[in-house]
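Chain by chain, the residues:
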Amino acid sequence: QVQLVESGGGLVQAGGSLRLSCAASGRTFRSYSMGWFRQVPGKEREHVAAISRGGSSTVYADSVKGRFTISRDNTKNTVYLQMNSLKPEDTAVYYCAADQSVVVHTTSLPYDYWGQGTQVTVSS
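Residues numbered from 1 in each chain as written. Predicted model: local features only at pLDDT ≥ 70, side-chain atom pairs only at ≥ 80, totals over all residues. Heavy atoms only, no water.

A.B. asks: Go over the nonpolar core, please, and point to the residues and values.
C.D. replies: Counting 29 residues, the largest nonpolar core has Met 34, Trp 36, Leu 81, Met 83 and Tyr 94 as its most contacted members. Breaking this core down by element, the ones donating at least two residues are strand 3 (18-25), strand 4 (33-39), strand 5 (46-51), strand 7 (68-73), strand 8 (78-83), strand 9 (92-99) and strand 11 (118-123). Aside from chain neighbours lying at most four places away, what touches Met 34 is Leu 4, Cys 22, Phe 29, Ala 49, Ala 50, Ile 51, Ile 70, Arg 72, Val 79, Ala 97, Ala 98 and Tyr 111. Phe 37, Ala 97, Val 104 and Tyr 111 belong to the second largest nonpolar core, which has five residues in total. (Core = buried A, V, L, I, M, F, W, Y, C linked by side-chain atoms within 4.5 Å. Buried < 20%, exposed > 50% of the residue type's maximum accessible area, 1.4 Å probe, protein only. Helix = DSSP H or I, 4+ residues; strand = E, 2+ residues; numbered from the N terminus. Contact = heavy atoms within 4.5 Å.)

Below, the structure is given as structure tokens:
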């Protein structure tokens, strides 16, 4: 099993930056592709970014491409989401998730484990 804990959310002005972290507890972190998702009330959970087991492959939603960067440090059992040039529409609860698939997925269904979420609020 993998337990995931997000941190780094908060309130930031439009154009600002935040760095989210997701710390994983478990011995099998390297076996999981990792993803970041976000959700606002009344909307489905939205894929933001994903990264393969070794970190060599990444996938981004069009809405964040060029602004967000996903990375991981397998020695620290941590995945990161660097968010730059934040926009009010980025406001959401951000979740990290773990997936045992070899390939990265851009939908939430394949992911086996989820963190509790961290709130990101971007003011205008």
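Next, the rest of the story.
A.B. asks: I'd love a proper account of the packing of aromatic side chains, names of residues and values included.
C.D. replies: With the rule as written, the count across this model stands at four aromatic pairs. An aromatic cluster of three or more residues is present, and its members are Phe 37, Tyr 111 and Trp 114. When the ring centre of Tyr 80 is taken as origin, the NZ or CZ atom of Arg 19, which lies over that ring, is 4.1 Å away. Above the ring of Phe 29, the side-chain terminus of Arg 72 is found at 4.4 Å from the ring centroid. (Phe/Tyr/Trp six-rings, centres within 6.5 Å; stacked < 30°, edge-to-face > 60°. Lys NZ or Arg CZ within 6 Å of the ring centre and 35° of its normal.)

A.B. asks: Could you give an account of the sheet that holds strand 1 (residues 3-7), with specific residues and numbers?
C.D. replies: Overall, antiparallel pairing links the four strands, which are arranged 1-3-8-7 in an open sheet. Edge positions in the open sheet fall to strand 1 and strand 7, since each of these has one partner strand only. For this sheet, the mean angle separating the axes of adjacent strands, direction not counted, is 15 degrees. Here six bridges tie strand 7 to strand 8, and the two strands are oriented antiparallel to one another. Looking across to strand 8, one finds that Ser 71 is bridged to Tyr 80. (Pairing = 2+ DSSP bridges. Axes fitted to C-alpha atoms, helices over the stretch in contact; angles between N-to-C directions.)

A.B. asks: Break down the pattern of salt bridges for me, citing the residues and quoting the values.
C.D. replies: On inspection of all chains with the given rule, the structure shows four salt bridges. A salt bridge links Arg 38 to Asp 90, with the shortest nitrogen-to-oxygen separation between them at 2.8 Å. Of the two residues, Arg 38 is situated in strand 4 and Asp 90 in the loop between strand 8 and strand 9; the sequence distance between them amounts to 52 residues. As far as the burial class goes, Arg 38 and Asp 90 line up, both buried. Among the ionic pairs, Lys 65 bridges to Asp 62, the shortest N-O distance being 3.4 Å. Residue Asp 62 is classed as exposed on the basis of its relative accessible area, which comes to 68%. Residues participating in the shared-partner salt-bridge network are Arg 38, Glu 46, Arg 67 and Asp 90. (Salt bridge = Lys/Arg side-chain N within 4 Å of Asp/Glu carboxyl O.)

A.B. asks: Please provide a residue-by-residue account of the side chain of Arg 38, values included.
C.D. replies: The class of Arg 38 is buried, set by a relative accessible area of 6%. A polar side-chain atom of Arg 38 sits 3.4 Å from a polar atom in the side chain of Ser 63. Beyond its immediate sequence surroundings of up to four residues, Arg 38 is in contact with Glu 44, Arg 45, Glu 46, Val 48, Ser 63, Val 64, Phe 68, Glu 89, Asp 90, Ala 92, Val 93 and Tyr 94. (Polar contact = N/O pair within 3.5 Å; in protein donor to acceptor, adjacent residues only side chain to side chain.)

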